[in-house]
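Below are the chains, spelled out letter by letter.
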Amino acid sequence: MKPNTEPQSLIHGWLVLDKQQGLTSTQALGKARRLLGGKKAGHGGTLDPLATGILPLAFGEATKLISYIMDGDKEYEFTIRWGEQRDTDDAEGKIVATSDVRPSEENIRAALPAFVGEITQTPPAYSAVKLDGARAYDIARAGGTPDIKPRQVHIYNFELVATPNPDKTLFKVHCGKGMYVRSLARDLAKVLGTCGTIVKLRRTRVGPFALAQAVSLEDLGKRAAENAAATALLDLRAALGGVPALVLLPAEAQRLRTGLGVLIRPQHGALLEQPMIFAEHQGVPVALVEPKAGEFRVLRGFHF
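Criteria and cut-off values
Residues numbered from 1 in each chain as written. Predicted model: local features only at pLDDT ≥ 70, side-chain atom pairs only at ≥ 80, totals over all residues. Heavy atoms only, no water. Core = buried A, V, L, I, M, F, W, Y, C linked by side-chain atoms within 4.5 Å. Buried < 20%, exposed > 50% of the residue type's maximum accessible area, 1.4 Å probe, protein only. Salt bridge = Lys/Arg side-chain N within 4 Å of Asp/Glu carboxyl O. Helix = DSSP H or I, 4+ residues; strand = E, 2+ residues; numbered from the N terminus. Contact = heavy atoms within 4.5 Å. Arc of directions from axis to C-beta. Pairing = 2+ DSSP bridges. Axes fitted to C-alpha atoms, helices over the stretch in contact; angles between N-to-C directions.

Student: I would appreciate a short explanation of the nonpolar core in the present structure.
Tutor: What tends to happen in soluble globular proteins is that the nonpolar side chains get buried as a cluster. The biggest cluster of nonpolar side chains holds 47 residues, and the ones touching the most others in it are Leu15, Phe78, Phe158, Phe171, Val173 and Leu188. By size, the runner-up hydrophobic cluster in this structure holds 19 residues, among which are Val243, Met276, Leu288 and Phe302.

This is the structure we're talking about:
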């Protein structure tokens with residue numbers, strides 16, 4: 001594999017990575033960055049080493065949109081192994097409790113509605129939650145007990161997919177930001193009078209990004225060998241879903257680039273109720289703007 005030779009300053013856009021098991025999100029980003037190049041890069045939402053699936057990677061000016069991806073809803077497929085609890089709430093940790101109870105499908109289905117809607121959840125001890133400047137997982141690895149406060153999260157849908165054997169059950173969940181699947185599995189097991197841990201986890205959607213758009217590091221490496229790694233990138237607007245576009249005149253683009261507002265004209269009436277608009281000139285992103293006091297005002301500017 002060889003890295004992309006395009007000038008680093010020209011690398012802008014989104015790589016929807018299908019992360020393999022065993023890599024941290026930072027390691028996956030590092031491998032992709034070496035293949036693609038680019039001075040600025042970041043990931044939109046952490047995946048544990050055990051987990052596979054969608055990890056959005058932002059390059060160049062796309063890094064300015066990471067917060068919009070992290071605020072988006074997500075979908076996961078996961079497997080719980082009943083009868084054991086681990087300190088990490090997944091298969092990579094140490095066993096801290098066991099149980100002989102194996103819940104029936106009937107009991108599992110009856111328990112799921114209580115986990116749909118706005119629920120209170122405590123993130124795992126081994127998580128990236130910040131506590132007085134330190135990550136919870138650093139405190140836990142040092143032998144401490146992180147004091148993590150419960151938080152409100154939203155679950156749109158939670159369904160049982162299959163029970164291949166009494167020890168394992170497969171699920172799907174559609175949730176909002178900040179929801180930990182490991183905590184969901186832990187809490188569900190507790191309600192069912194047993195304990196459980198995640199043994200398989202795959203993220204199938206993040207905001208507007210789905211598996212159909214994703215590429216593996218192996219595929220990216222093949223493209224890099226042909227000096228075509230950049231063909232895997234999606235443009236900046238791909239992260240914004242249904243956000244409408246505003247096509248600018250040359251003078252308007254210049255005003256927004258200098259931080260000034262652009263007058264809202266009669267033909268822009270359909271955009272007045274939009275909280276955010278993607279402004280571009282000749283296909284080049286200029287800024288995210290909002291309509292305010294008769295103008296389109298800059299929320300986030302892009303530099304190309």
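Student: Explain the pattern of salt bridges to me, please; I cannot follow it from the model alone.
Tutor: Note that side chains of opposite charge can pair when their charged atoms are close. Applying the stated criterion across every chain, the model contains 17 salt bridges. As a salt-bridge pair, Asp219 and Arg223 come within 3.3 Å of each other at their nearest N and O atoms. Within this pair, Asp219 and its partner Arg223 are both found in helix α6 (residues 217-225), separated by 4 residues, close to a single helical turn. The class for Asp219 is partly exposed, based on a relative accessible area of 26%. A single network of salt bridges, built from pairs that share partners, joins Lys40, Glu61 and Lys64.

Student: Help me out: how do you make sense of helix α5 (residues 181-191) in this one?
Tutor: An α-helix turns once every 3.6 residues. As a result, residues three or four positions apart point the same way. Counting buried positions along α5 gives 9 out of 11 residues, so the element sits mostly inside the fold. Within α5, the full set of buried residues consists of Val181, Arg182, Ser183, Leu184, Ala185, Arg186, Asp187, Leu188 and Ala189. Lining the buried residues of α5 we find β4 (74-82), α3 (105-111), β7 (117-121), β10 (151-165), β11 (168-175) and β12 (196-206). One or two residues past the end of α5 sits Gly193, with phi positive at roughly 75°.

Student: For this particular structure, what's the right way to read α6?
Tutor: Listed in full, the buried residues belonging to α6 are Leu217, Leu220, Gly221 and Ala224. The arc enclosing the buried residues of α6, seen along the axis, measures out at 105°, which places them on a common side. In α6, the exposed residues that point more than 90 degrees away from the buried face are Glu218 and Lys222. Contacts from the buried residues of α6 go to β1 (13-19) and α1 (25-36). Just downstream of α6, Asn227 is the residue with a positive phi angle, here 55°.

Student: How should I be thinking about unusual backbone geometry in this particular structure?
Tutor: Outside of glycine, negative phi angles account for most residues, and trans bonds account for most peptide bonds. A positive phi angle, near 65°, is found at Asp89, a position not held by glycine. Of note, Asp89 is situated in the loop between β5 (84-86) and β6 (95-98).

Student: Just checking my understanding: could you explain the sheet that holds strand β18 (residues 295-301) for this structure?
Tutor: By definition, the strands of a sheet pair up through backbone hydrogen bonds, in either a parallel or an antiparallel sense. Spatially, 5 strands are ordered β14-β16-β17-β18-β15 in an open sheet, and the strand pairing comes out mixed. The open sheet has two free edges, formed respectively by β14 (245-247) and β15 (262-263), since each of these has just one partner strand. Bridge analysis of β15 against β18 gives 2 bridges, and the strand direction is antiparallel. Paired with Val262 across the bridge in β18 is Phe296. Packed on one face of the sheet, helix α7 (residues 250-257) meets β14, β15, β16 (277-281), β17 (284-292) and β18 and runs near 80° to β17.

Student: Any chance you could explain the side chain of Thr197 here in plain terms?
Tutor: As for its position among the elements, Thr197 is in strand β12. Judged by relative accessible area, which is 0%, Thr197 ranks as buried. Setting aside chain neighbours within four positions, we find Thr197 in contact with Thr79, Ile80, Arg81, Glu84, Arg86, Asp89, Asp90 and Ala91.

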